[in-house]
Protein chains: 2
Amino acid sequence: MGDNINLNNLPPGFRFYPSDEELVVHFLHRKAALLPCHPDVIPDLHLYPYDPWDLDGKAMGEGKKWYFYSRRTQSRITGSGYWQSIGVEEPIYSSDGQIKVGLKKYSDFYIGEPWEGVKTNWIMHEYRVLSPNSTSKSSSSQRRNSKIDYSKWVICRVYERDEDDDDGAELSCLDEVYLSLDDLDEISLPN
Amino acid sequence: MGDNINLNNLPPGFRFYPSDEELVVHFLHRKAALLPCHPDVIPDLHLYPYDPWDLDGKAMGEGKKWYFYSRRTQSRITGSGYWQSIGVEEPIYSSDGQIKVGLKKYSDFYIGEPWEGVKTNWIMHEYRVLSPNSTSKSSSSQRRNSKIDYSKWVICRVYERDEDDDDGAELSCLDEVYLSLDDLDEISLPN
């Protein structure tokens, strides 16, 4: 019945907070395999290179983060600027920690002409699937899957870093900082 | 239809991540007013002073955080220790920022005899409603509500602070730290 969930009528407190693994294993795998996604919440905006502040109402938005499908590309240029990778790709593991299922790339948004812009607080996480063939496991089902081009699609998550932002839905960071203040008296500074 | 949501069958990516305001305005208000909560996800554990590591399977758990109703009390003593407030209460405002609707108290869990225990990494957020009468607004419906004892119930959220914890569902803190490393070369240190 979860398939029929009405996204405009979720009960209070329930939100779209996918884990890295879910984005890769559920949403990206199904997209690449042309399988239906239930619910079909993440739109494909590959043909629409919106500026990050124009994603609201077009991408799937939750907690001031926006999600959309796109395709792998070497450069993401928008109307007002461009996304530039910070040069790091973080591996995404399956929840049992055994299999590397995807990669997560971090980018900053710059306003201006490529590649001479001014860095903003807008951040993108770009998820892609690691091809099943590149993992150590091998099976007949994976050989069947080798016809699917898993590397074509990515999911982008975009948000604006804002240290004043505390909407209550994401507490861990501010709470940790807040509570760590309590530990300050336990720190001894060198004289 | 959201009322009939099957919590064991939420679509991938959807989780219970209530905001401070939702905990106060929806869950605590309805509990105090004896109104049904849809879905009825948060259990009342007032009579069961579980140690924090025993809450799994008893409280509502999501992302290694546990939620339960309790009653206001001056001391929370469990089988193995006790909760001690860090002495701060944070106001919770309505989403329009106009009305102070509740308070959020922070506590640490200590193992041992009160009040001589050893502090742990377990943390509690305790939410309570501010009585409608204590706000500046006044109306006939609020006068009717004055028979309800809003101060009796609290919601407790318990979790263990763990700096190695990165399950992907709560990214903001680690991501911010991670990305801020990128800014380090912009910092000039005094010689």
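- For chain A, the name recorded in an unreviewed UniProt entry is NAC domain-containing protein, with Rehmannia glutinosa as its organism.

## A look at the overall build of chain A
(1) Moving on: Secondary structure assignment for chain A yields 3 helices and 8 strands.
(2) Moving on: Expressed as a percentage of its 191 residues, the buried residues of chain A come to 44%.
(3) Moving on: Across chain A, contacts joining residues at least 24 apart in sequence account for 67% of those joining residues at least 6 apart.
(4) Moving on: Carbon and sulfur atoms make up 47% of the accessible area of chain A, which amounts to about 10300 Å² in all.

## Considering the sheet that holds strand E4 (residues 76-77) of chain A
Residue and element names in this part refer to chain A.
(1) Moving on: Overall, antiparallel pairing links the 7 strands, which are arranged E2-E3-E8-E7-E6-E5-E4 in an open sheet. Two strands close off the open sheet at either side, each with one partner strand: strand E2 (60-62) and E4.
(2) Moving on: With 7 bridges connecting them, strand E7 (residues 118-129) and strand E8 (residues 153-160) associate as antiparallel partners. Paired with arginine 128 across the two strands is valine 154, which belongs to E8.

## Looking at the packing of aromatic side chains
(1) Moving on: Within this structure, the stated rule accounts for 21 aromatic pairs over all chains.
(2) Moving on: Look at Tyr69(B) and Trp153(B): their rings are 6.4 Å apart centre to centre, the planes differ by 75°, and that puts the pair in the edge-to-face class. A residue pair is termed long-range when its members are at least 10 positions apart, and Tyr69(B) in strand E3 (residues 65-71) and Trp153(B) in strand E8 (residues 153-160) qualify at 84 residues. Judged on exposure class, the residue Tyr69(B) and its partner Trp153(B) are both buried.
(3) Moving on: By way of ring pairs, the aromatic residues Phe14(A), Phe16(B), Phe27(B) and Tyr67(B) are connected into one cluster.

## A closer look at helix H1 (residues 20-32) of chain A
Residue and element names in this part refer to chain A.
(1) Moving on: For H1, spanning 13 residues, the distance from its first C-alpha to its last is 17 Å, which sits close to the expected 18 Å at 1.5 Å a residue.
(2) Moving on: Along H1, the positions that sit buried rather than exposed are Asp20, Glu22, Leu23, Val24, His26, Phe27, Leu28 and Ala32.
(3) Moving on: One or two residues past the end of H1 sits leucine 34, with phi positive at roughly 60°.

## Observations concerning the sheet that holds E8(B)
(1) Moving on: With antiparallel pairing, 7 strands are arranged side by side in an open sheet as E2-E3-E8-E7-E6-E5-E4 (chain B). The sheet is open, and its two edges are formed by strand E2 (60-62) and strand E4 (76-77) of chain B, each paired on a single side.

## Here we look at the pattern of salt bridges
(1) Moving on: Here the structure, examined in full by the defined rule, presents 14 salt bridges over all chains.
(2) Moving on: Where Asp20(A) meets Lys104(A), a salt bridge forms, and the shortest distance between an N and an O atom there is 3.5 Å. Taken together, the positions of Asp20(A) in helix H1 and Lys104(A) in strand E6 (residues 100-111) put the pair 84 residues apart, joining distant regions of the chain.
(3) Moving on: The exposure class assigned to Asp20(A) is buried, which follows from its relative accessible area of 6%.
(4) Moving on: For Lys104(A), a relative accessible area of 1% corresponds to the buried category.
(5) Moving on: Between Asp108(B) and Lys119(B) there is a salt bridge whose closest N-O contact spans 3.7 Å. Within this pair, whereas Asp108(B) is found in strand E6 (residues 100-111), its partner Lys119(B) is found in strand E7 (residues 118-129), the two being separated by 11 residues in sequence.
(6) Moving on: Assessed through its relative accessible area of 1%, Asp108(B) is described here as buried.

## Comments concerning the pairing of E7(B)
Residues and elements named next belong to chain B.
(1) Moving on: For E7, the tally of buried residues reaches 9 of 12 residues, placing the bulk of the element in the interior.
(2) Moving on: In terms of strand pairing, E6 meets E7 through 9 bridges, oriented antiparallel. Residue pairing across strands places lysine 104 opposite tyrosine 127, the latter belonging to E7.
(3) Moving on: In sequence, E6 turns back onto E7 through a hairpin of 6 residues, with glycine 112 there showing a positive phi of about 130°.

## Some words on the environment of Arg161(A)
Residues and elements named next belong to chain A.
(1) Moving on: Checked against the element boundaries, arginine 161 lands in the loop between E8 and helix H3 (172-180).
(2) Moving on: By relative accessible area, arginine 161 is classed as buried at 10%.
(3) Moving on: Residues arginine 161 and isoleucine 123 lie 38 residues apart in sequence; the distance between their C-alpha atoms is 7.0 Å.

## Describing unusual backbone geometry
(1) Moving on: Looking along the chain, the bond that leaves Pro114(A) and enters Trp115(A) is cis, with omega of -10°.
(2) Moving on: Tracing the backbone shows Trp115(A) in the loop between E6 and E7.
(3) Moving on: Here Lys64(A), not a glycine, exhibits a phi torsion of approximately 65°, which is positive.
(4) Moving on: With respect to the secondary-structure elements, Lys64(A) resides in the loop between E2 and strand E3 (65-71).
(5) Moving on: Unlike most non-glycine residues, Leu34(B) shows phi in positive territory, near 60°.
(6) Moving on: In this fold, Leu34(B) is placed in the loop between helix H1 (20-32) and E2.

## Thoughts on the environment of Val158(B)
All names here are of chain B.
(1) Moving on: Relative to the helices and strands, valine 158 resides in strand E8.
(2) Moving on: The class of valine 158 is buried, set by a relative accessible area of 1%.
(3) Moving on: Taking the C-alpha atoms as reference points, valine 158 and leucine 45, separated by 113 residues in sequence, lie 13 Å from one another.
(4) Moving on: With residues near it in sequence (within four places) discarded, valine 158 still touches Pro52, Leu55, Lys64, Lys65, Trp66, Phe68, Trp83, Trp122, Ile123 and Met124.

Rules and cut-offs
- Residues numbered from 1 in each chain as written.
- Chains lettered and ligands numbered in written order.
- Predicted model: local features only at pLDDT ≥ 70, side-chain atom pairs only at ≥ 80, totals over all residues.
- Heavy atoms only, no water.
- Helix = DSSP H or I, 4+ residues; strand = E, 2+ residues; numbered from the N terminus.
- Buried < 20%, exposed > 50% of the residue type's maximum accessible area, 1.4 Å probe, protein only.
- Contact = heavy atoms within 4.5 Å.
- Areas by Shrake-Rupley, 256 points an atom, 1.4 Å probe, with all protein chains shown as cover.
- Pairing = 2+ DSSP bridges.
- Phe/Tyr/Trp six-rings, centres within 6.5 Å; stacked < 30°, edge-to-face > 60°.
- Expected span 1.5 Å × (residues − 1).
- Salt bridge = Lys/Arg side-chain N within 4 Å of Asp/Glu carboxyl O.

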